[in-house]
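Each chain is listed here by its residues.
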Amino acid sequence: MVAILFAVEQQNRDWIHDVARLLEKHFITLRAFGDTLSVKKRNPSLILCDMDHFETIKAEKAIVICKDMVSLSNRQLDIRHGVAVVDSSIYQSESLPDIGLPAITCGLHSRDTITLTSIEEDSAVIGVQRVIEAFEGSLVEPQEIPVRFEKAIAPFTLMVVAAIYILLGKCNLLKGKL
């Protein structure tokens, strides 16, 4: 099981549900947001969690999604295998959250790990600019991944979902329809 931890400001909490909806197309999830714990099916493979409500987080495998400039210094993180996925338009390399995790940057710059080569209303091409190691040890080489979707998806949302699928070793699922 992998924990997906969201570090977002209050006004962007609805964004988490957009990400969850795209993940739930291929994964069984447990959602822990605010005062609600929601499991739709048995044996979830992902725990989706808003970090705002926890002081201590322990996980064998975790992905910390940093959408907004949220302070993480007051959180105690005990993550054995983890990665921070960050919005490079908010976090410059010198301001990445110091949480002891390697970072995957998402944005529209050539220096970002994940970017978009093109985006249309119902499709996009995701650019993987550097090698990414999935949790199970496989390597995803730099490449372009064409993706189709039913309705428009915000660029950062699409890049975050791509990063999660890649880290979970499910890059092949991106090539279908999200």
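As a reminder, the structure under discussion sits directly above these lines.
This one's a predicted model, so the numbers in the text were calculated from it and none came from an experiment.

On to the pairing of strand β2 (residues 29–33), then. Judged by how many residues are buried, β2 sits mostly within the fold: five of five residues are covered. Side-chain alternation along β2 places Thr-29, Arg-31 and Phe-33 on one buried face and Leu-30 and Ala-32 on a second face that is also buried. Bridge count for β2 against strand β4 (residues 46–50) is four bridges, and the pairing is parallel. Across the sheet, the residue bridging to Thr-29 is Leu-46, located in β4.

On to the environment of Arg-148, then. Note that Arg-148 resides in strand β12 (residues 143–148). C-alpha separation for the pair Arg-148 and Lys-177, spaced 29 residues apart in sequence, amounts to 4.8 Å. Look past the residues within four positions of Arg-148 in its chain and what remains in contact with it is Asp-122, Ser-123, Gly-176, Lys-177 and Leu-178.

Our focus in this paragraph is the packing of helix α1 (residues 13–23) against helix α2 (residues 155–167). Packed helices, taken two at a time, are described by the angle their axes make and the gap between the axes. Contact pair α1 / α2: the axes reach a minimum separation of 10 Å and the direction vectors enclose 45°. In this view, α1 runs oblique relative to α2, as classed from their interaxial angle. Between α1 and α2 lies a crossing of right-handed hand. Along its contact with α1, which presents Trp-15, Asp-18, Val-19, Leu-22 and Leu-23, the element α2 presents Phe-156, Thr-157, Val-160, Val-161, Ile-164 and Tyr-165. In terms of residue class, the contact of α1 with α2 is made up of nine nonpolar, one polar and one charged.

This part takes up the side chain of Asp-112. Looking at the secondary structure, you find Asp-112 in the loop between β7 (103–106) and β8 (114–119). In this structure, Asp-112 is buried with no salt-bridge partner, the nearest side chain bearing the opposite charge being Arg-111 at 4.9 Å. In terms of polar contacts, Asp-112 uses its side chain to reach the side chain of Thr-105, at 3.2 Å. A distance of 3.0 Å separates a polar side-chain atom of Asp-112 from the backbone nitrogen of His-109.

As enumerated under the stated definition, the model contains three aromatic pairs in all. Measuring from centroid to centroid gives 6.0 Å for Phe-6 and Trp-15, while their planes differ by 80°, and the two rings are edge-to-face. Owing to a relative accessible area of 0%, Phe-6 belongs among the buried residues under this scheme. On the basis of relative accessible area, Trp-15 is assigned to the buried category, the value being 9%. An angle of 70° between the planes, with centres 5.2 Å apart, marks the rings of Phe-27 and Tyr-165 as edge-to-face. Of this pair, Phe-27 sits in the loop between α1 and β2 while Tyr-165 sits in helix α2, and the two are 138 residues apart along the sequence. Per residue, the accessibility class of Phe-27 equals that of Tyr-165, and both read buried. In textbook terms, an aromatic cluster arises when at least three aromatic residues are bridged by ring pairs, as seen for Phe-6, Trp-15 and Phe-156.

Here is what the cut-offs are and how they apply
- Residues numbered from 1 in each chain as written.
- Predicted model: local features only at pLDDT ≥ 70, side-chain atom pairs only at ≥ 80, totals over all residues.
- Heavy atoms only, no water.
- Buried < 20%, exposed > 50% of the residue type's maximum accessible area, 1.4 Å probe, protein only.
- Helix = DSSP H or I, 4+ residues; strand = E, 2+ residues; numbered from the N terminus.
- Pairing = 2+ DSSP bridges.
- Contact = heavy atoms within 4.5 Å.
- Axes fitted to C-alpha atoms, helices over the stretch in contact; angles between N-to-C directions.
- Parallel < 35°, antiparallel > 145°, perpendicular 65-115°, else oblique.
- Left-handed = near helix turned anticlockwise from the far one by under 90°.
- Nonpolar A, V, L, I, M, F, W, Y, C, P; charged D, E, K, R; others polar.
- Lys, Arg positive; Asp, Glu negative; His and termini not counted.
- Salt bridge = Lys/Arg side-chain N within 4 Å of Asp/Glu carboxyl O.
- Polar contact = N/O pair within 3.5 Å; in protein donor to acceptor, adjacent residues only side chain to side chain.
- Phe/Tyr/Trp six-rings, centres within 6.5 Å; stacked < 30°, edge-to-face > 60°.

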